[in-house]
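# Structural description and commentary
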Amino acid sequence: MKTYTDNDLSSMPQATINTELPWLDGENQFTGVRLEDLSLSQTPHCPN
């Protein structure tokens, strides 16, 4: 299993979502790496 540093994650494409959650007041914004992008970074790529 690969581990990532904060710098590794910061250099990957970021996605932002806005949502309302019952345990937080109002609309909240979360930003981070999409799981799809993270999993693709671990998948070996086969040449065509």
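What follows concerns the overall build of the protein chain. In terms of regular secondary structure, the protein chain is built from 2 helices and 2 strands. Counting across all 48 residues of the protein chain, residues that qualify as buried make up 6%. The contacts of the protein chain with a sequence gap of at least 6 include a subset with a gap of at least 24, amounting to 24%. Carbon and sulfur atoms form 53% of the exposed surface of the protein chain, whose accessible area is close to 4400 Å².

With that out of the way, let us pick up the pairing of strand β2 (residues 27-32). On a regular strand, each side chain points to the face opposite its neighbour's, so the side chains alternate between the two faces of the sheet. Sheet analysis places strand β1 (residues 15-20) next to β2, joined by 6 bridges and oriented antiparallel. Counterpart to Asn18 in the pairing with β2 is Gln29. The hairpin turn running from β1 into β2, its antiparallel successor, is 6 residues long, and Gly26 in that turn takes a positive phi close to 65°.

This next bit is on the packing of aromatic side chains. Applying the stated criterion to the full structure yields 0 aromatic pairs. The aromatic ring of Tyr4 is capped on one face by Lys2, whose charged end is 5.1 Å from the ring centroid.

Here we take up the side chain of Asn28. Structurally, Asn28 is set in strand β2. Given the relative accessible area of 17%, Asn28 is considered buried. Side-chain polar atoms of Asn28 contact the backbone oxygen of Gly26, separated by 2.9 Å. If near-sequence neighbours (up to four positions away) are discounted, Asn28 is found in contact with Ile17, Asn18, Thr19 and Leu21.

We now examine the pattern of salt bridges. The full count for this structure, using the stated rule, is 2 salt bridges. Here Arg34 and Glu36 are joined by a salt bridge, their closest N and O atoms 3.0 Å apart. Accessibility expressed as a relative area gives 41% for Arg34, which makes it partly exposed. For the salt bridge of Asp37 with Arg34, the shortest nitrogen-to-oxygen distance reads 3.4 Å. Overlapping salt bridges, with partners in common, bring together Arg34, Glu36 and Asp37 in one network.

Procedures and definitions
- Residues numbered from 1 in each chain as written.
- Predicted model: local features only at pLDDT ≥ 70, side-chain atom pairs only at ≥ 80, totals over all residues.
- Heavy atoms only, no water.
- Helix = DSSP H or I, 4+ residues; strand = E, 2+ residues; numbered from the N terminus.
- Buried < 20%, exposed > 50% of the residue type's maximum accessible area, 1.4 Å probe, protein only.
- Contact = heavy atoms within 4.5 Å.
- Areas by Shrake-Rupley, 256 points an atom, 1.4 Å probe, with all protein chains shown as cover.
- Pairing = 2+ DSSP bridges.
- Phe/Tyr/Trp six-rings, centres within 6.5 Å; stacked < 30°, edge-to-face > 60°.
- Lys NZ or Arg CZ within 6 Å of the ring centre and 35° of its normal.
- Polar contact = N/O pair within 3.5 Å; in protein donor to acceptor, adjacent residues only side chain to side chain.
- Salt bridge = Lys/Arg side-chain N within 4 Å of Asp/Glu carboxyl O.

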